[in-house]
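Chain residues, written in single-letter form:
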Amino acid sequence: MNAPTYNFAYLDEQTKRMIRRAILKAIAIPGYQVPFASREMPMPYGWGTGGVQVTAAILGPKDVLKVIDQGSDDTTNAISIRKFFAKTAGVETTTSTDAATVIQTRHRIPEAPLRAGQVLVYQVPIPEPLRFLEPRETETRRMHALAEYGLMHVKLYEDIARFGHIATSYAYPVKVNARYVMDPSPTPKFDNPKMDNCPALQLFGAGREKRIYAIPPYTPVVSLDFEDHPFTRYKFDAPCALCGAEESYLDEIVTDDKGSRMFVCSDTDYCEGRQAAGHRGVESAAPHKEAANG
Amino acid sequence: MVEVTGASDQPLLVAEGLTKSYGRLAACRDVSFVLYPGEVLAIVGESGSGKSTLLQMLSAQLAPSGGRVSYRMRDGVLRDLAELGEAERRFLFRTDWGYVHQDPAQGLRMAVSAGANVGERLMAVGWNNYGRIRQTASSWLERVEIDVARIDDAPRTYSGGMRQRLQIARNLVTEPRLVFMDEPTGGLDVSVQARLLDLMRSLVNELGLAAIVVTHDLAVARLLSHRVMVMKEGRVIETGLTDQVLDDPREPYTQLLVSSILPA
Amino acid sequence: MYVAVMGGERAIENAHRLLAHERRGDRSVPELSLSQISEQLGLAVDRVMSEGALYDRELAALAIKQARGDLIEAIFLVRAFRATLPRFGATEPVDTGAMRVQRRISSTFKDIPGGQVLGPTFDYTHRLLDPGLAEGGNPAAPALAATSDVPMPRVTDILRQDGLIEPSPVAEEDAPVGDLTRDPLSFPAGRDLRLQNLARGDEGFLLALGYSTQRGYGRNHPFAGEIRFGEVEVEFFAEEIGFAVPLGSIELTECQMVNQFKGSATEPPCFTRGYGLAFGQSERKTMSMALVDRALRARELGEDVVAPAQDEEFVMSHSDNVQATGFVEHLKLPHYVDFQSELGLLRKLRREFADANAAPEMKEAAE
């Protein structure tokens, strides 16, 4: 039998070179979606294959890897991807944002500020910000090429006309380096300001759609809006019930069958770090800390 | 008959020897003319006479097999349309040109509010103030006699005549210098047509627009245009001042058209 | 909780252990061997090889076993393995005209050089469940005839001699063949890439699309010119020694549809081709593929593009079942961060709605 053997970080070196070339091009043209020959990965499309390929292509033996999903290191998909690289690359893994050199994420940007030298790898399901306004790839590529973004503003206009404000709460479109309109992946718009002028390199991988794009360090990233209806960050009414943080993105947790709720940090590393430093919220023993049955 | 207003010495658009053939079939042959700013030209003929093919070539949507179209850009330079890049061509289309389709569904976003339909071209050229965009859209709705209270309704809730008026507002909001119209009153009731023609005539006058109107309806030509070109089998067979051609046609074919003997 | 905040790692391990247990099933029942799957579920193996895009019966059988018989999951396993294989080069084009035919039929001619060869087929069987098969046992030995040396030219080659059908496209000398696994797809795509995409495409998807063309959504008047199944040699041109060396033989099914074409201003009327090819015996797949291939040529042949099967972007973007199953199933992943922001927004909108409706007079006064 053709018994499988695998290279460091799974992908063969030819494939990694191809992906690195796409990444370099993406960095050279901030916000532009570079087509790349995405491979089948041993996890399904839509479960992070784009991010995994980018991570596999940039990972070196001395890297320290952190993987989060929904802000947490311990959600099932984050565990699965972290284990994949621990097994295929043997790199050190961590849950600490600060200790990591490469952070792969789905749906969140860590609360702790990123620093120069770190790489944040986003998993992207639909890279095309214009996709739901214009389904044709041939047409959207032309719109990007000609910087025809009137249609995007039509959508924002419609929101304001209907609701009085822009009603897009996640995957909120941004303009990168004053040129390309980009989908930040389905992160909550709360995280959008973190992308602007960020010291870390931000890479975006969409496996099924075969696109890589990037925000180089210290690049201006502006959330689309109108002068008289500026972008606003989502603000929670209450602080985190565990660590008392007032400036973090919170998950709503239903605590019993009577509809009781508590709000806790979505970024578990951030929350635990604050608790370890002595910060307290109104609750301390919470479902957050219980082992669950999966 | 409309007075020629704002005409200038320099032509706005020049067509030279325009020809389009499909295999041995020539849909349009050797059409040449000059259009001046503020001038309205009607192209009339039966269906199949080549007038729609001609309009598509004039508006750079179809590449001619022979001949060329030149347009005087806002900087005053006369440019061959075939030599414009796609970005320049598309920019022309959303700023200096308008295109009114016979079927408003082709020219409007049917599921998007009237305000956004009118505002889209403004946003495409960088307007970034919601209040100003909405204000401008409102004043255009007024100008085309649409109740401003309907600004947040999508055109699919509009009547045929309203849709066509909305399409006109969407085109004129960037104050283009040239508007192409393809059977703009086709498919509308006669009374609705009359109101629309009246509106178009006053807008063209007020704005000093140049327009090229393709129509099979000689009443449209008479009401809107200064000059008429009659087409038959891909060729221009007669051209002249509208009143002159329609009141005193020289060609037997035009005489038939005018006496409404030929089905349009 | 389905997403454990802590303890997820052990939960995953336990879930996978349970999966392995369920895969094995009742341990008093003998375990399936790969050769049993390969020999007795051969058409499933053929499909997994085709859509997995890897000709290896043993690995395909392993994938089917590991996937508990879920063929899309098996295809996925094979694809993920295939993606890691180094690429040495491309083989010479196989010559299906020289196929050692086990089955070959044409619906366009009653008799053809080499004759109609039915071979192993479900066609003409009565679809009655056979209780005898439940018992097992040995079927009668097949009837055999001496192999014939009569050549079996492809039916489309016969039509071509009279110029009644368009020529097969000839590859440009030295032009590289497109490879959609190595280069990202862009539209419009060449026919080589379209055919690769369809060859890997989901059988059910192509069947439905092919069927839709027959029902009028992009009708192209097909005839099954020929379907043939058998073995062909695979050769590889080795640079070092300067000639092609045989690598072995593989089983293929090929379908050539013959379709009407009315002609254009520059072309006289003639028949056109739709092409289907798959590993193993995969007739439904190759016939569907040929119908869709022909439908996708609408633009090239100057036909109106009006139906889904003629829409290249639509077909090629949705034909791959590994992509499709991944993205559909990813809805199982947690989405509570985006859901949270939607919850927040929805509450805000509802609050604003309630406020607006609570004070209608004031609103009017303000206007």
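Residues numbered from 1 in each chain as written. Chains lettered and ligands numbered in written order. Predicted model: local features only at pLDDT ≥ 70, side-chain atom pairs only at ≥ 80, totals over all residues. Heavy atoms only, no water.

1. A word on the interface of chain A and chain C
Part 1: Contacts between chain A and chain C engage 61 residues on the former and 54 residues on the latter.
Part 2: Roughly 5,300 Å² is buried in total at the junction of chain A and chain C, and carbon and sulfur atoms are behind 59% of that figure.
Part 3: Where chain A packs against chain C, one counts 6 salt bridges.
Part 4: Note that E40 of chain A and R79 of chain C form a salt bridge whose closest N and O atoms lie 2.6 Å from each other.
Part 5: Where chain A meets chain C, there are 22 residue pairs in polar contact (both at pLDDT 80 or more).
Part 6: Put simply, the parts of the chain that give the side of chain A that touches chain C at least two residues each are α3 (76–88), α4 (137–145), β11 (250–254) and β12 (261–265) of chain A.
Part 7: No other element matches the 4 residues that α3 of chain A contributes to the side of chain A that touches chain C.
Part 8: Residue classes in the side of chain A that touches chain C are distributed as 28 nonpolar, 17 polar and 16 charged. (Contact = heavy atoms within 4.5 Å. Buried area = accessible area lost by both parts, 1.4 Å probe. Salt bridge = Lys/Arg side-chain N within 4 Å of Asp/Glu carboxyl O. Polar contact = N/O pair within 3.5 Å; in protein donor to acceptor, adjacent residues only side chain to side chain. Helix = DSSP H or I, 4+ residues; strand = E, 2+ residues; numbered from the N terminus. Nonpolar A, V, L, I, M, F, W, Y, C, P; charged D, E, K, R; others polar.)

2. Concerning the interface of chain B and chain A
Part 1: Contacts between the two partners involve 21 residues from chain B and, on the opposite side, 18 residues from chain A.
Part 2: Together, the buried faces of chain B and chain A total about 1,700 Å²; carbon and sulfur atoms form 55% of this surface.
Part 3: Among the residues chain B hides against chain A, the three largest losses belong to R90, N128 and Y130 of chain B. Together they make up 39% of the total.
Part 4: Here chain B is connected to chain A by 4 salt bridges.

3. Topic: the side chain of E120 of chain B
Part 1: Position of E120 of chain B among the secondary structure elements: in helix α4 (residues 114–124).
Part 2: Once residues lying within four places of it in the same chain are set aside, the contact partners of E120 of chain B are L151 and V154 of chain A together with R109 and R170 of chain B.

4. Remarks on empty space enclosed by the protein
If you roll a probe as big as a water molecule over the atoms, it shows you where there is empty space left.
Residues and elements named next belong to chain B.
Part 1: Evaluation of the coordinates by the stated rule reveals 1 cavity of 30 Å³ or more.
Part 2: Considered as a void within the structure, the largest cavity measures approximately 40 Å³ in volume.
Part 3: Forming the walls of the largest cavity are I168, L172, M181, M200, L203, V204 and L209.
Part 4: For the lining of the largest cavity, the secondary-structure elements that each account for two or more residues are α6 (160–172) and α7 (190–207).
Part 5: It is α7 that contributes the most residues to the lining of the largest cavity, 3 residues altogether. (1 Å grid on protein atoms, 1.4 Å probe; cavity = no way out; pocket = protein on both sides within 12 Å on 5 of 7 lines; lining within 4 Å. Points joined across faces, edges and corners; volume = space filled by probe spheres on them.)

5. Some details on the environment of V181 of chain A
Residues and elements named next belong to chain A.
Part 1: Examined against the element boundaries, V181 turns out to sit in strand β7 (residues 180–182).
Part 2: For the pair V181 and S223, spaced 42 residues apart in sequence, the C-alpha separation works out to 9.3 Å.
Part 3: Contact partners of V181, with chain neighbours within four places excluded, come to P129, H144, Y149, M152, P173, V174, K175 and L224.

6. Some points on the sheet that holds β7 of chain A
All names here are of chain A.
Part 1: Read across the open sheet, the 3 strands follow the order β7-β6-β10; overall the sheet is antiparallel. Strand pairing shows two members of the sheet lacking a second neighbour, β7 and β10 (221–223), which therefore form its edges. Across the sheet, the axes of successive neighbouring strands diverge by a mean angle of 30 degrees, strand direction being ignored.
Part 2: For strand β6 (residues 174–176) and β10, the ladder comprises 3 bridges, and the chain directions are antiparallel. Each residue of the ladder has a partner; that of V176, found in β10, is V221. (Pairing = 2+ DSSP bridges. Axes fitted to C-alpha atoms, helices over the stretch in contact; angles between N-to-C directions.)

7. Overview of the confidence of the model for chain B
Part 1: When the pLDDT values of chain B are averaged, the result is 90; 95% of them are 70 or greater.
Part 2: Segment residues 1–7 of chain B is flagged for pLDDT under 50; beyond a separation of four residues in sequence, or across chains, it makes 17 contacts in the model. (pLDDT = per-residue confidence, 0-100.)

8. Some words on the packing of helix α3 (residues 42–52) of chain C against helix α4 (residues 57–66) of chain C
All names here are of chain C.
Part 1: The interhelical angle for the contact between α3 and α4, taken along N-to-C directions, is 100 degrees, at an axis separation of 9 Å. It follows from the interaxial angle that α3 and α4 lie roughly perpendicular. Every residue of α4 that contacts α3 at G42, A44, V45, D46, V48 and M49 is listed here: R57, A60, A61 and I64.
Part 2: A breakdown of the residues in the contact of α3 with α4 according to their chemical character gives 7 nonpolar, 1 polar and 2 charged. (Parallel < 35°, antiparallel > 145°, perpendicular 65-115°, else oblique.)

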